[in-house]
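Below, each chain spelled out in residue letters.
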Amino acid sequence: MNENSYLQQVGAFAGLQYYPNQGPWGRKSGAAMGPRDGYVAVIGFMRDQRSMKVAILLRFKKLEQTEAVKTALKSAGIKKGKLGAVGADFVRWEWTYSFTKPKAEDVAKLVEDLGTAIKPVTLGFDGRCEDCTSASTPSLTLMNGVPTYICAGCQEKVRQELNMAATNYDAITPNYPNGLVLGIAAAALGGLAWGLLAYAINYIFLYGAILIGYLVAAAVLKGTGKVTRFGQVIIPVLTVASVLFGDAIFFTLFVMKQEHVSFSGKLLNTIVAHLWEIEREGNGVATLIFALVGAGYAVYSARKPKFQAVFQPLGSPNA
Ligand SMILES: [Zn+2]
């Protein structure tokens, strides 16, 4: 049975309407969802790298403390599936399966059992907006796929708050000199540490390069305050410089030990002059790629926040 007809069937057993293409988990098969005994229930498929799951989401009135919910679920001793997550206003239960989907009746029974388990420690909804708790809100609206009782006024408020985060980011004036100074300092320190460590353990530890890239990028971004074109240019340059500097230190120390010579400007010059040849022979290229991966990750994490709230009525066509 495909996911669509399965969810339709589960929905029928659980007393929920089935909506293809909608729901919190962004799958084409959508979810069966709706009000259930004062609560909001959602059943759908979730996939992660390793497994396929039937997920059940039960939503209730926001709580201050979630400990009681966890305890109640634990003491209910439910055998099918396991707890996925508990939040202030929801519990998600996950039933992992490998080939055969769980029986539709069993999933409906599970929804029933979960509802019974959390009932003593949670409150259902009462036809008012979850957010302002005053405006009459009899029907559910999907907020980023999650069925929610949210009034028109609160929807607008949420939209504005999320836009604000992006606006605040735009308002940051980048501090380029700061970024440059911090970036150079991080590149120098990172390179030094990299060279000395490699010498100490007599091994160039590739993953360390990711760390260097990350540090350099983090330092530049800390200095400038945000991701800018300047940072996108200077970060890879400083990262590469840092790793090469570290390698030059390592090779210089290595030659000093091997050849029993003491440090001299001439030796350093020779190493630097031949650095590219040495790098090509060894792990140089891989090191640089690893370092740039680290830098890329830091830049990606610091990018402009792209929060958005999408509100959608249940059952809108081609959602
Ligand atoms: Zn409201």
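(A) Geometry of the domain arrangement of the chain. Each domain of the chain was delimited in the assignment, giving domain 1 (3-150) and domain 2 (176-301). Its C-alpha centre places domain 1 at a distance of 49 Å from the equivalent point of domain 2.

(B) Structural view of the nonpolar core. Core analysis: the biggest nonpolar cluster contains 44 residues, and A41, I43 and L58 have the highest contact counts within it. For this core, the element with the most residues is helix 3 (residues 104-118), which contributes eight residues. Not counting residues within four places of it along the chain, the set of residues in contact with L58 comprises Y39, A41, F90, V91, L114, G115 and I118. Of all hydrophobic cores here, the second largest spans 31 residues; its members include A186, I204, L244 and F250.

(C) Highlighting the sheet that holds strand 3 (residues 39-47). Strand order across the open sheet formed by six strands is 1-2-3-4-6-5, with antiparallel pairing between neighbours. At either margin of the open sheet sits one strand with a lone partner, and together these are strand 1 (17-19) and strand 5 (82-87). Neighbour-to-neighbour, the strand axes of the sheet open up by a mean angle of 20 degrees, direction not taken into account. The sheet contact formed by strand 1 and strand 2 (residues 31-36) spans three bridges and is antiparallel. Within strand 2, the position partnered with Y19 by the bridge is A31. Most of the contacts of helix 3 go to strand 4 (residues 52-59), to which it runs at about 35 degrees, and overall it touches strand 2, strand 3, strand 4 and strand 6 (90-97).

(D) Structural detail: the environment of D126. Within the secondary structure, D126 sits in the loop between helix 3 and strand 7 (141-143). You can call D126 exposed: it has 12 C-beta atoms within 10 Å. In sequence terms D126 and G38 are 88 residues apart; their C-alpha atoms lie 7.1 Å from each other.

(E) Spatial organisation of the environment of A135. Mapped onto the elements of the fold, A135 is located in the loop between helix 3 and strand 7. Note on A135: 14 C-beta atoms within 10 Å, which makes it partly exposed. Each C-alpha atom of the pair A135 and A31 lies 27 Å from the other, and the pair is 104 residues apart in sequence. Excluding its chain neighbours within four sequence positions, the residues that come into contact with A135 are R128, C129, C151 and G153.

(F) Region of interest: unusual backbone geometry. The phi torsion at N21 lies on the positive side, around 70 degrees, for a residue other than glycine. Tracing the chain through its elements places N21 in the loop between strand 1 and strand 2. Assessed through the 16 C-beta atoms surrounding it within 10 Å, N21 is described here as partly exposed. Its identity as a non-glycine residue notwithstanding, H260 has a phi of 50 degrees, on the positive side. Checked against the element boundaries, H260 lands in the loop between helix 7 (229-258) and helix 8 (265-273). Here H260 falls in the exposed class, since 7 other C-beta atoms lie within 10 Å of it.

So, how was this worked out
Residues numbered from 1 in each chain as written. Predicted model: local features only at pLDDT ≥ 70, side-chain atom pairs only at ≥ 80, totals over all residues. Domains from an automatic or database assignment. Core = buried A, V, L, I, M, F, W, Y, C linked by C-beta atoms within 7 Å. Buried ≥ 20, exposed ≤ 12 C-beta atoms within 10 Å, placed from the backbone. Helix = DSSP H or I, 4+ residues; strand = E, 2+ residues; numbered from the N terminus. Contact = placed C-beta atoms within 7 Å. Pairing = 2+ DSSP bridges. Axes fitted to C-alpha atoms, helices over the stretch in contact; angles between N-to-C directions.

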